[in-house]
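The residues making up each chain are set out below.
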Amino acid sequence: MSGSRKRTLPETGRLKLGELLEEFDERLGKRPEPEILTLTEKMGFVAQRERFNKRLAIADTSDYKVIGLHDIAFNPYLLWAGAVAQNTRWETGIISPLYPTFRVRKGYSPRFVNHLLCGGFLRSRFDAISYGSVPRKRRAAVKDFLDLELPISVPPVAEQERIVKLLDEADELRKLRVQADRRTAALIPALFHEMFGDPITNTKHWPRSSFAEVGKLDRGRSKNRPRDEPSLYGGKYPFIQTGDVANSNGQITAHTQTYSEKGLAQSRMWPAGTLVITIAANIGKTAILTFPACFPDSMVGFIPDERVLVDYVREWLVTMESRLEEATPQMAQKNINLKILSELTIPVPPLPLQKEFAARVTEIRAVQGEQAASCHRLDDLFQSMLHRAFSGEL
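All figures in this text were calculated on a predicted structure; none of them were measured in a lab. (Residues numbered from 1 in each chain as written. Predicted model: local features only at pLDDT ≥ 70, side-chain atom pairs only at ≥ 80, totals over all residues. Heavy atoms only, no water.)

K.L.:
A description of the packing of helix 8 (residues 310-319) against helix 11 (residues 351-389) should follow, citing residues and the corresponding values.
P.N.:
Helix 11 packs onto helix 8 with a crossing angle of 80° between their chain directions and a minimal axis gap of 8 Å. As summarised for this structure, helix 8 and helix 11 are arranged roughly perpendicular, according to the angle between their axes. Where helix 8 approaches helix 11, its residues Asp311, Tyr312, Arg314 and Glu315 are matched on the opposing element by Gln354, Phe357, Ala358, Val361 and Arg365. Considering only residue class, the contact of helix 8 with helix 11 consists of 4 nonpolar, 1 polar and 4 charged. (Axes fitted to C-alpha atoms, helices over the stretch in contact; angles between N-to-C directions. Helix = DSSP H or I, 4+ residues; strand = E, 2+ residues; numbered from the N terminus. Parallel < 35°, antiparallel > 145°, perpendicular 65-115°, else oblique. Contact = heavy atoms within 4.5 Å. Nonpolar A, V, L, I, M, F, W, Y, C, P; charged D, E, K, R; others polar.)

Laid out in structure tokens, this is it:
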């Protein structure tokens, strides 16, 4: 791609999406049920059985919409967030009757249209046609979607196919990067089981202690900040939310929200090295703070004593996540009772073995950091190529 000359796309006039797409509505009826698909914001269409390990669709899917290869659909309530996808994998699938469905008209490359709609190039225009004040209830109408005027001149099919080939090659690099990231993420759990055995059945017969006995365990209770308490980050206090924990790779290295020191209730400040555990939303998710921070009482902080290391405790809790979910009382909003968490019994292997595990985890996390940076670079490259492709510069 280096050294490629700028190509000016032929001026064929501005088109509306409705000139590239035609809406259709095909229902399953009494036919055999094909793969049930879910439309996601970031991953396009995914099979329900693969994504959720269970069936979410109702028993009678006769009213579900049928889509074939290269057909397109969007979620009218989440189009503004990028919930538009093309079926590029299944010969036939069914989706919720909520989603409008479209076919690419003859004379246009289905993959070119896919990159145009699903690559993020039109995200701001999708946002502009979505109305409503509540984010996850903003709705986009089919008519407004089809009436969208494209900000580009669409080239002839041969040029579309050339652009598609380049974009598909760049996208394949991103997919390979994601696959490598998943393999790396599986290294720490595999290492844990190799060194410590199954923590639930305690196959290596380590001595056990209650969770509360091996460190300080408490909720992130709120308090007012004393006036003589030194300020952090220029008078701002890093504030961690449940999403920060759930979306981390085990370590919290950045924060998106802060508390001001002017009259706001402050959560207690927890030091770097604290293990944060979510006990309300995203129950049982864990991450280690790499800087002092506050968090609400929907989370618990754990500071280990001299018998256990935080990396070991965190991975032990990862293996216990499903059990924590099961132990959560059935209430209107599920929450882990702090007493239940405190009474969990944790195997306590020798400290030198824990230190060896922690050192190897540090090495793996360094690799994960390099991979994350590579992933961001590939995403930036792909978005740059999309912009150049639809600006006639690729």
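Now, onward.
K.L.:
Account for the confidence of the model for the chain, naming residues and giving values.
P.N.:
Residues at a pLDDT of 70 or more form 86% of the chain, whose mean pLDDT is 83. Here residues 1-12 scores under 50 on pLDDT; set against residues more than four positions off or in separate chains, the count is 22 contacts. Here residues 224-228 scores under 50 on pLDDT; set against residues more than four positions off or in separate chains, the count is 7 contacts. (pLDDT = per-residue confidence, 0-100.)

K.L.:
For unusual backbone geometry, give the residues involved together with the corresponding values.
P.N.:
Glycine aside, the phi torsion of most residues is negative, and most peptide linkages are trans. One non-glycine residue, Asn202, lies in positive phi territory at about 55°. Mapped onto the secondary structure, Asn202 falls in the loop between helix 6 (187-196) and strand 13 (208-210). Given a relative accessible area of 8%, Asn202 falls into the buried group. Non-glycine residue His205 carries a positive phi angle of around 55°. Within the secondary structure, His205 is located in the loop between helix 6 and strand 13. Given the relative accessible area of 68%, His205 is considered exposed. (Buried < 20%, exposed > 50% of the residue type's maximum accessible area, 1.4 Å probe, protein only.)

K.L.:
So what about the packing of helix 5 (residues 157-185) against helix 11? Which residues, and what values?
P.N.:
Each pair of packed helices can be described by the angle between their axes along with the distance between the axes. Two elements in contact, helix 5 and helix 11, have axes separated by 10 Å at closest approach and are oriented at 165°. Viewed along their axes, helix 5 and helix 11 adopt a mutual orientation that is roughly antiparallel. Considering only the axes of helix 5 and helix 11, their crossing is left-handed. From helix 5, Ile163, Leu166, Leu167, Ala170, Asp171, Leu173, Arg174, Arg177, Ala180, Asp181, Thr184 and Ala185 reach across to helix 11, where they touch Ile364, Val367, Gln368, Gln371, Ser374, Cys375, Leu378, Asp379, Phe382, Met385, Leu386 and Ala389. Taken together, the residues of the contact of helix 5 with helix 11 break down into 15 nonpolar, 4 polar and 5 charged. (Left-handed = near helix turned anticlockwise from the far one by under 90°.)

K.L.:
Outline the nonpolar core, supporting the account with residue identities and numerical values.
P.N.:
Counting residues in hydrophobic clusters, the biggest one holds 34 residues, and the most contacted among them are Leu21, Ile72, Leu79, Leu117, Phe126, Phe145 and Leu150. Those elements giving two or more residues to this core turn out to be strand 6 (72-74), strand 9 (101-104), helix 2 (110-118), helix 4 (142-146), strand 12 (149-153), helix 5 and helix 11. In terms of residues, this core owes the most to one element, helix 5, which gives 5 residues. The residues touching Leu21, leaving out its near neighbours within four places in the chain, are Ile72, Phe102, Arg103, Val104, Arg105, Val113, Leu117, Phe145 and Leu146. In this structure, Ile188, Leu217, Leu344 and Ile364 belong to the second largest nonpolar core, which totals 29 residues. (Core = buried A, V, L, I, M, F, W, Y, C linked by side-chain atoms within 4.5 Å.)

K.L.:
Outline the environment of Ile283, supporting the account with residue identities and numerical values.
P.N.:
With respect to the helices and strands, Ile283 occurs in the loop between strand 20 (275-278) and strand 21 (286-289). For the pair formed by Ile283 and Ser298, sequence separation is 15 residues and the distance between their alpha carbons is 9.4 Å.

K.L.:
Could you give an account of the sheet that holds strand 14 (residues 215-219), with specific residues and numbers?
P.N.:
Within a sheet, each strand pairs with its neighbour through backbone hydrogen bonds, oriented either parallel or antiparallel. Reading across from one edge, 14-22-20-21-17 is the order of the 5 strands in this open sheet, with mixed pairing throughout. In this open sheet, the two strands that pair with only one neighbour each are strand 14 and strand 17 (251-252). Relative to strand 22 (residues 299-304), strand 14 is paired through 5 bridges, and the arrangement is antiparallel. In the strand pairing of strand 22, Gly215 is matched with Pro304. Of the strands in this sheet, strand 20, strand 21 and strand 22 are in contact with helix 8, which crosses strand 21 at around 165°. (Pairing = 2+ DSSP bridges.)

K.L.:
Let's hear about the environment of Arg27: which residues, and what values?
P.N.:
Tracing the chain through its elements places Arg27 in the loop between strand 2 (21-24) and strand 3 (35-39). For Arg27, a relative accessible area of 30% translates into the label partly exposed. Sequence-wise, Arg27 and Lys65 are 38 residues apart; in three dimensions their C-alpha atoms are separated by 4.5 Å. Among residues more than four places away in sequence, those in contact with Arg27 are Ser62, Asp63, Tyr64, Lys65, Val66 and Pro97. Reaching out from Arg27, the side chain makes a polar contact with the backbone oxygen of Asp63 at a distance of 3.0 Å. (Polar contact = N/O pair within 3.5 Å; in protein donor to acceptor, adjacent residues only side chain to side chain.)

K.L.:
Please give an account of the sheet that holds strand 3 that cites residues and values.
P.N.:
One open sheet holds the 4 strands; their spatial order is 4-3-8-5, and the pairing between them is mixed. Lying at the two open borders of the sheet, with one neighbouring strand each, are strand 4 (45-47) and strand 5 (65-68). In this sheet, adjacent strand axes meet at a mean angle of 45° when their direction is disregarded. Relative to strand 8 (residues 92-95), strand 3 runs parallel, the two sharing 2 bridges.

K.L.:
Break down the packing of aromatic side chains for me, with residues and values.
P.N.:
The final tally for this structure, using the stated rule, is 12 aromatic pairs. Ring centres of Phe192 and Tyr312 lie 5.6 Å apart, and the angle between their planes is 20°; on these two criteria the pair is classed as stacked. Residue Phe192 is located in helix 6, and its partner Tyr312 is located in helix 8; the two are separated by 120 residues in the primary sequence. By relative accessible area, which is 1% here, Tyr312 ends up buried. Pairing Phe196 with Tyr312 gives two aromatic rings, centres 4.9 Å apart and planes at 70°, and the pair type is edge-to-face. Placement of the pair is Phe196 in helix 6 and Tyr312 in helix 8, with a sequence separation of 116 residues. Note that Arg174 overlies the ring of Phe382, its terminal NZ or CZ placed 4.0 Å from the centroid. Cation over ring: Lys216 sits above Trp270, and NZ or CZ is 5.0 Å from the ring centre. (Phe/Tyr/Trp six-rings, centres within 6.5 Å; stacked < 30°, edge-to-face > 60°. Lys NZ or Arg CZ within 6 Å of the ring centre and 35° of its normal.)

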